[in-house]
Amino acid sequence: MILIRAFLFIISIIAIAYGLFIILNPVTPVSMVIPIQVSSIEEAAIVRSLSGFHVACGYLTLRSIYSSSKVQIPSILIYIISFMLFGKIFGLFYDGFSLYSLATALFALLCLIALRIIQIHRKNQISYDL
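Residues numbered from 1 in each chain as written. Predicted model: local features only at pLDDT ≥ 70, side-chain atom pairs only at ≥ 80, totals over all residues. Heavy atoms only, no water.

**Observations concerning the confidence of the model for the chain**
Considering every residue of the chain, the mean pLDDT works out to 78; 81% of them sit at 70 or more. Model confidence for the chain, summarised as mean pLDDT per element, is weakest for helix 2 (residues 41-66) at 78 and strongest for helix 1 (residues 2-24) at 87. (pLDDT = per-residue confidence, 0-100. Helix = DSSP H or I, 4+ residues; strand = E, 2+ residues; numbered from the N terminus.)

**Quick look at the nonpolar core**
Judged by nonpolar contacts, the single largest core of 15 residues is most densely connected at L8, I81 and L115. Among the elements that make up this core, the one with the highest residue count is helix 4 (residues 99-123) (six residues). When near neighbours in sequence (up to four residues on either side) are disregarded, I81 contacts A108, C111, L112 and L115. (Core = buried A, V, L, I, M, F, W, Y, C linked by side-chain atoms within 4.5 Å. Buried < 20%, exposed > 50% of the residue type's maximum accessible area, 1.4 Å probe, protein only. Contact = heavy atoms within 4.5 Å.)

**Observations regarding the packing of helix 1 against helix 4**
Where helix 1 meets helix 4, the closest approach of the two axes is 10 Å, and the angle between their N-to-C directions is 130 degrees. The orientation of helix 1 relative to helix 4 falls into the category oblique. The way helix 1 lies across helix 4 gives a crossing that is left-handed. Touching I4, R5, F7, L8 and I11 of helix 1 are F107, L110, C111, A114, L115, I117, I118 and R122, all from helix 4. Classifying every residue of the contact of helix 1 with helix 4 by side-chain character gives eleven nonpolar, no polar and two charged. (Axes fitted to C-alpha atoms, helices over the stretch in contact; angles between N-to-C directions. Parallel < 35°, antiparallel > 145°, perpendicular 65-115°, else oblique. Left-handed = near helix turned anticlockwise from the far one by under 90°. Nonpolar A, V, L, I, M, F, W, Y, C, P; charged D, E, K, R; others polar.)

**A word on the packing of helix 3 (residues 72-95) against helix 4**
In the contact formed by helix 3 and helix 4, the axes pass within 9 Å of each other and the chain directions differ by 155 degrees. In terms of orientation, helix 3 and helix 4 fall into the roughly antiparallel class. Between helix 3 and helix 4 the crossing geometry is left-handed. Partitioning the contact of helix 3 with helix 4 into residue classes produces 15 nonpolar, five polar and three charged.

**Digging into the side chain of S64**
Within the secondary structure, S64 is located in helix 2. S64 gets classed as buried once you look at its relative accessible area, which sits at 1%. Polar contacts involving the side chain of S64 include one to the main-chain carbonyl oxygen of T61, which spans 2.7 Å. Ignoring any residue separated from it by four or fewer positions in sequence, one finds S64 in contact with I73, P74, L77, L115 and R122. (Polar contact = N/O pair within 3.5 Å; in protein donor to acceptor, adjacent residues only side chain to side chain.)

**Some remarks on the state of the cysteines**
Enumeration according to the criterion identifies zero disulfides in this entry. Of all cysteine sulfurs in the structure, the one in C111 sits closest to C57, which takes part in no disulfide; the separation is 8.6 Å. By relative accessible area, C57 is classed as buried at 14%. Judged by its relative accessible area of 6%, C111 falls in the buried class. (Disulfide = S-S within 2.5 Å.)

Structural data, given as structure tokens:
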């Protein structure tokens, strides 16, 4: 369980740091993590919004690791990542395979599995005795 929590901790710190880097940087950088050529204000707004989503998910993942709530936060993250993977599957089908798309799908799948394990572990700790 410690390895799963460590993996989730590292993923969440990376998501928060990278999201804040994109949001707070005056010039929208082009990088390998978000491989978008930003050439207009609208595209920059989309990239910054996506980066805000990364920060939010990273924060919720950190909260789920240290939360006293047994099920709530991991459940929300599981839904978010499941639908992201659903979209990613169609993206792989329609747009083809690239190193970026495969890497993000793999990391999302690993994160989903780790969150599900944590959620099951916490559900088993809930006492139903009244």
